[in-house]
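Chain by chain, the residues:
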Amino acid sequence: GMQSHLQALLSLYKLFCPEQVTITLPGKVKTYFKNSEGPWKAAIAAVRQRNQGTSPLSQAVFLGTSQPQSRKRKWNAQLVIPASSANTNHLQEDREKSRFHLYSTNESFPVEQLQTFPQLLQNIHCLEFPSQMGSVLTNPLLLHYMNCVKDESIYLRLYYWMGQMLQEECTWCVVDNPCEEEFKSFLETIYKAECFLQEGFAACEEFLYKTLPLWDGFCCRSEILRLVSWIPLNSFSDIKSYLYDPLAQLFFTSSIYFKCSVLESLKELLLNWLNCHVIRVDLEFSS
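Within any chain, residue numbers begin from 1 and follow the written order of that chain's sequence. In keeping with the model being predicted, local features are shown solely for residues with a pLDDT of at least 70 and side-chain atom pairs are shown and tallied solely at 80 or more, while totals for entire chains, interfaces and linings include all residues. Water and hydrogen atoms were dropped before computing side-chain values, which therefore reflect all heavy atoms in the structure.

The protein is annotated in an unreviewed UniProt entry as CENPI protein from Peucedramus taeniatus. UniProt positions are given in the numbering used here, feature names are shortened, and annotations may be inferred rather than shown by experiment. Quoted verbatim from the Sequence similarities (unreviewed entry) heading of the UniProt record, the comment on the protein is "Belongs to the CENP-I/CTF3 family."

S.K.: For this particular structure, what's the right way to read the packing of aromatic side chains?
M.R.: A ring pair, where both rings are aromatic, is described by two values, the distance of the centres and the angle of the planes. Note on aromatic pairs: the rings of Phe, Tyr and Trp (six-membered ring only in Trp) are paired at centre separations within 6.5 Å, and the planes decide the class, stacked below 30 degrees, edge-to-face beyond 60, tilted for the rest. In this structure the tally under the stated criterion is 9 aromatic pairs. A centroid spacing of 5.8 Å and a plane angle of 85° characterise the contact between Trp-161 and Phe-186, whose relative ring orientation is edge-to-face. Taken as a pair, Trp-161 in helix α6 (residues 152-169) and Phe-186 in helix α7 (residues 180-197) lie far apart in primary sequence, 25 residues in all. A single burial state applies to Trp-161 and to Phe-186, both of which are buried. Plain terms: the ring middles of Trp-172 and Phe-207 are 6.1 Å apart, the flat faces sit at 45° to each other, and that makes the pair tilted. Of the two residues, Trp-172 is situated in the loop between α6 and α7 and Phe-207 in helix α8 (residues 202-211); the sequence distance between them amounts to 35 residues. Residue classification places Trp-172 among the buried positions, given a relative accessible area of 10%. The secondary structure listing takes helices from DSSP runs of H or I that are at least 4 residues long and strands from runs of E that are at least 2 residues long, numbered from the N terminus. Exposure is judged per residue with a 1.4 Å probe applied to protein chains only, and the accessible area is read against the type maximum: over 50% gives exposed, under 20% gives buried, and values in between give partly exposed.

S.K.: Help me understand the packing of α6 against α7 in this model?
M.R.: The geometry of a pair of packed helices is captured by two quantities: the angle between their axes and the separation between those axes. The N-to-C vectors of α6 and α7 enclose an angle of 150°; their axes lie 11 Å apart at closest approach. Taken together, the axis directions place α6 and α7 in an arrangement best described as roughly antiparallel. Judged by the twist between their axes, the crossing of α6 over α7 is left-handed. Touching Trp-161, Met-162, Met-165, Leu-166 and Glu-169 of α6 are Phe-183, Phe-186, Leu-187 and Ile-190, all from α7. The class makeup of the residues in the contact of α6 with α7 is 8 nonpolar, no polar and 1 charged. Simply put, an axis is a line fit to the C-alpha atoms, just over the touching stretch for a helix, and the angle between two N-to-C directions goes from 0 to 180 degrees. Each angle receives one of four descriptions, namely roughly parallel if under 35 degrees, roughly antiparallel if over 145, roughly perpendicular if within 65 to 115, and oblique otherwise. Less than a right angle of anticlockwise turn of the near helix away from the far helix marks a crossing as left-handed, whereas a clockwise turn marks it as right-handed. Pairs of residues are marked as contacts when any of their non-hydrogen atoms sit within 4.5 Å. Under the grouping applied here, Gly and all other residues not named as nonpolar or charged are polar, the nonpolar ones being Ala, Val, Leu, Ile, Met, Phe, Trp, Tyr, Cys and Pro and the charged ones Asp, Glu, Lys and Arg.

S.K.: Got a minute to help me understand the packing of helix α5 (residues 140-149) against α7 in this structure?
M.R.: Running from N to C, α5 and α7 cross one another at 45°; their axes reach a closest spacing of 10 Å. In terms of orientation, α5 and α7 fall into the oblique class. For the pair α5 and α7, the sense of crossing is right-handed. Contact residues: α5 offers Pro-140, Leu-143, His-144, Met-146 and Asn-147, while α7 offers Ala-193, Phe-196 and Leu-197. When the residues that make up the contact of α5 with α7 are grouped by side-chain class, the tally is 6 nonpolar, 2 polar and no charged.

S.K.: Looking at this model, I keep getting lost on the pattern of salt bridges. Mind explaining?
M.R.: Between side chains of opposite charge, a pair can form when the charged atoms approach closely. Note on definitions: salt bridges are taken to be side-chain nitrogens of Lys or Arg within 4 Å of carboxyl oxygens of Asp or Glu. On inspection of all chains with the given rule, the structure shows 5 salt bridges. We note a salt bridge from Glu-181 to Lys-184, for which the minimum N-O separation is 3.9 Å. A residue pair is termed a helical-turn pair when its members lie 3 or 4 positions apart in one helix, as Glu-181 and Lys-184 do in helix α7 at 3 residues. Residue class for Glu-181 comes out exposed when judged on its relative accessible area of 55%. For Lys-184, a relative accessible area of 23% translates into the label partly exposed. Across the pair Glu-264 and Lys-267 runs a salt bridge, and its minimum N-O distance is 3.5 Å. Of the two residues, Glu-264 and Lys-267 both sit in helix α11 (residues 256-286), 3 residues apart, roughly one turn of that helix. The exposure class of Lys-267 is partly exposed, given its relative accessible area of 43%.

Laid out in structure tokens, this is it:
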């Protein structure tokens, strides 16, 4: 059966090789492979390094995982749709030979050739998402498709990829992370995708709940508060412990501008909750 420790192990496998784990796993799985002291060690190390300015750490700690300082890969490489393999040329040859329309075959339509909304409507039944799910966030046509299809595997792939990216790139939990502007841009991209879909991402919600207790209220302020406004509607006990309590500690010790920003974010959160509730009521009434 689906025992909790097996679910945690499978979720770890799915994080690195999502195509190898085909079963559906619950969105929230208890983490068995982390050091509970990780967040505090990261926060203490960041304060020490900021105050002393000496003895740079060889490794950065984020929520119990170690990430080397070497950042050789291009940061935003996974936000662009990758070119497919020889399958594109093969597909074009088959189309020229058979002279049939694409929907009459079982071939998938290459997403890098998707340019217009009529193309999306014409080939919606044979689209296949790219291997790098991050590219979906910057493609309105794929977001339209994602909103229409409601395929759970798509959301799971995006959940695992986004959760890993947020964990690796968080500038106030990873010590000596010089890529604050890139991280701001990434958070802004997520926020725009959430506005487009009119719903928040589960990975983003978990990221906020984990990192808000460590947040200084200054780094990426506007981006973080915007993401807060798209947290899904949950029980009051969860919202209070994971959202209100961390924000309250910053609220009472910060400037008037920060207080107004928090109130504005919570107002937007309430509006999004009300809109979501109205939609649910309408759907239940129509059904």
